[in-house]
Amino acid sequence: MSSIPTATRRRVLQALGVGTAAIAGCAGAPGAETEQPTERTTPQEPSMNPAQQTDVDRIAADPTDIPAPIDRSEPKTVSVEMTTKEQVAEVEPGVTYTYMTFDGQVPGPMIRVRRGDTVELTITNEEGNSMPHNIDLHAVRGPGGGAEASMVTPGQTKTFRFKATYPGSFIYHCAVPNLDMHISSGMFGMILVEPKEGLPEVDHEFYFGQHELYTKGEAGEEGHHDFDVESMKAEDPTYVLMNGEKYAITPDGYGAPSMNVGETARVYFAVGGPNLDSAFHPIGSVWDEVWPQGATASDPHRFVQTTPVKPGSTVVATLHAEVPGPIKLVDHALSRVARKGMMAVINREGEANPEVFQPEG
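All of these numbers come straight from a predicted model, not from anything done at the bench.

Definitions and limits used
- Residues numbered from 1 in each chain as written.
- Predicted model: local features only at pLDDT ≥ 70, side-chain atom pairs only at ≥ 80, totals over all residues.
- Heavy atoms only, no water.
- Helix = DSSP H or I, 4+ residues; strand = E, 2+ residues; numbered from the N terminus.
- Contact = heavy atoms within 4.5 Å.
- Core = buried A, V, L, I, M, F, W, Y, C linked by side-chain atoms within 4.5 Å.
- Buried < 20%, exposed > 50% of the residue type's maximum accessible area, 1.4 Å probe, protein only.
- Lys, Arg positive; Asp, Glu negative; His and termini not counted.
- Salt bridge = Lys/Arg side-chain N within 4 Å of Asp/Glu carboxyl O.
- Polar contact = N/O pair within 3.5 Å; in protein donor to acceptor, adjacent residues only side chain to side chain.
- Pairing = 2+ DSSP bridges.
- Axes fitted to C-alpha atoms, helices over the stretch in contact; angles between N-to-C directions.
- Phe/Tyr/Trp six-rings, centres within 6.5 Å; stacked < 30°, edge-to-face > 60°.

**A look at the side chain of Thr 296**
So, step 1. Mapped onto the secondary structure, Thr 296 falls in the loop between β15 (287–292) and β16 (301–304).
So, step 2. With residues near it in sequence (within four places) discarded, Thr 296 still touches Pro 167, Gly 168, Pro 195, Leu 199, Trp 291 and Val 316.

**Re the nonpolar core**
So, step 1. Core analysis: the biggest nonpolar cluster contains 55 residues, and Ile 111, Leu 121, Ile 135 and Leu 137 have the highest contact counts within it.
So, step 2. Residues within four places of Leu 137 in sequence aside, it is in contact with Ile 111, Leu 121, Gly 145, Phe 160, Phe 162, Ile 171, Tyr 172 and Ile 191.
So, step 3. Judged by nonpolar contacts, the second largest core, of 27 residues, contains Phe 208, Val 290, Val 304 and Val 309.

**Notes on the side chain of Asp 288**
So, step 1. Mapped onto the elements of the fold, Asp 288 is located in strand β15.
So, step 2. Look at Asp 288: it is buried, it has no salt bridge, and the nearest opposite charge is Arg 302 at 6.5 Å.
So, step 3. Within polar-contact distance, the side chain of Asp 288 engages the side chain of His 320 at 2.5 Å.

**Focus on the pattern of salt bridges**
Oppositely charged side chains may form a pair once their charged atoms are brought near each other.
So, step 1. This model, assessed by the stated rule, comprises 12 salt bridges.
So, step 2. Of the charged contacts in the structure, one is a salt bridge between Glu 230 and Lys 233, with a shortest N-O distance of 3.7 Å. Here Lys 233 and Glu 230 lie together in helix α4 (residues 229–233), a separation of 3 residues that amounts to about one turn.
So, step 3. The class of Lys 233 is exposed, set by a relative accessible area of 52%.
So, step 4. Through salt bridges with shared partners, a single network forms among Arg 112, Glu 194, Glu 205 and Arg 266.

**A look at the pairing of strand β4 (residues 118–125)**
So, step 1. In this structure, strand β1 (residues 77–92) lies alongside β4, joined through 8 bridges in parallel fashion. Residue pairing across strands places Val 80 opposite Leu 121, the latter belonging to β4.
So, step 2. Alignment of β4 against strand β6 (residues 157–163), held across 7 bridges, turns out to be antiparallel. Paired with Val 119 across the two strands is Phe 162, which belongs to β6.

**What to know about the sheet that holds strand β11 (residues 239–242)**
So, step 1. Judged by pairing direction, the sheet is mixed, and its 6 strands sit side by side in the order β11-β9-β13-β18-β15-β16 without closing on themselves. Two strands close off the open sheet at either side, each with one partner strand: β11 and β16. Sheet twist, expressed as the mean angle between neighbouring strand axes with direction ignored, is 25°.

**Topic: the packing of aromatic side chains**
So, step 1. Overall, the coordinates contain 6 aromatic pairs when judged by the stated rule.
So, step 2. When the ring of Phe 102 is compared with that of Tyr 172, the centres are 5.3 Å apart and the planes differ by 80°; the resulting orientation is edge-to-face. With Phe 102 in strand β2 (residues 95–102) and Tyr 172 in strand β7 (residues 168–173), this residue pair connects regions lying 70 residues apart in the sequence. When sorted by exposure, Phe 102 lands in the same class as Tyr 172, which is buried.
So, step 3. Arranged with centres 5.2 Å apart and planes meeting at 85°, the rings of Tyr 166 and Phe 170 form a pair that is edge-to-face.

Given below as structure tokens:
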């Protein structure tokens, strides 16, 4: 945003929920001056640096590691603690990148509460990080969705409270002045606010998130990929990823979650962006029910082939397994699947059902 006049930039960032102190680089906040993303556009010599040693073996969130459905009928205070982490991990073998995350995973952990609950959210910026971070939750009625109340510099912790006054699934993300870079690097996730009566019972629940990664290298080019502001401005990503890594949630990656023939599943899907829509499609099935924008208080759409999901939004969708075999979850802008890494798989296991599908005539 450095080319935008200061007054205009201030209005834009205030509309996004970032205060004037943040616009000024968190004036008076130790460590804030270290965030200078414009320097990252300087061409490298050579064009690609060697791959770096990784801090973690895996950045991709486990799609089955989500909170259980809520079975209480009264509101309560729910304590949530998250730590922002800047970590080197592999996008694909031989390609490293410095991610920014909530709790070391992409997408960040799903937060699950009930309408009427009070959420006490504590966010810590891990000591040793280089940048300030915060959190903006679209489930919050409050300035910046909590962004101003949660601005933390490295080593700092802050806590704020909010009441979950409306149901649905909602994105959360980092919202510092260079929020697009932070979101692209992995800082987004979902908060689910269940209705007071709860959600319909299903056999399985899975949680996925899509985002774009903008780097100086080409997809698959081995080495350490630095972030590239110019390609982000042009909305031309190197990678479009499901759960932070290329083909991470597949049999050839970390493995695919499974369901049995006859079972149902609910899929929670968040699009961090920061720029591209997703055309979310289950190859080998359709969505039996879709709640666009995560609006679970509305009537669902039925038997949907591909549902659009905007950046900064979510969708809740269900499907059931009638035959064995993989369901490939993709963005149906298919060059993102074939060229940029955007796919996950859910396996269906069980007996064949020739009345529905016969692989041989």
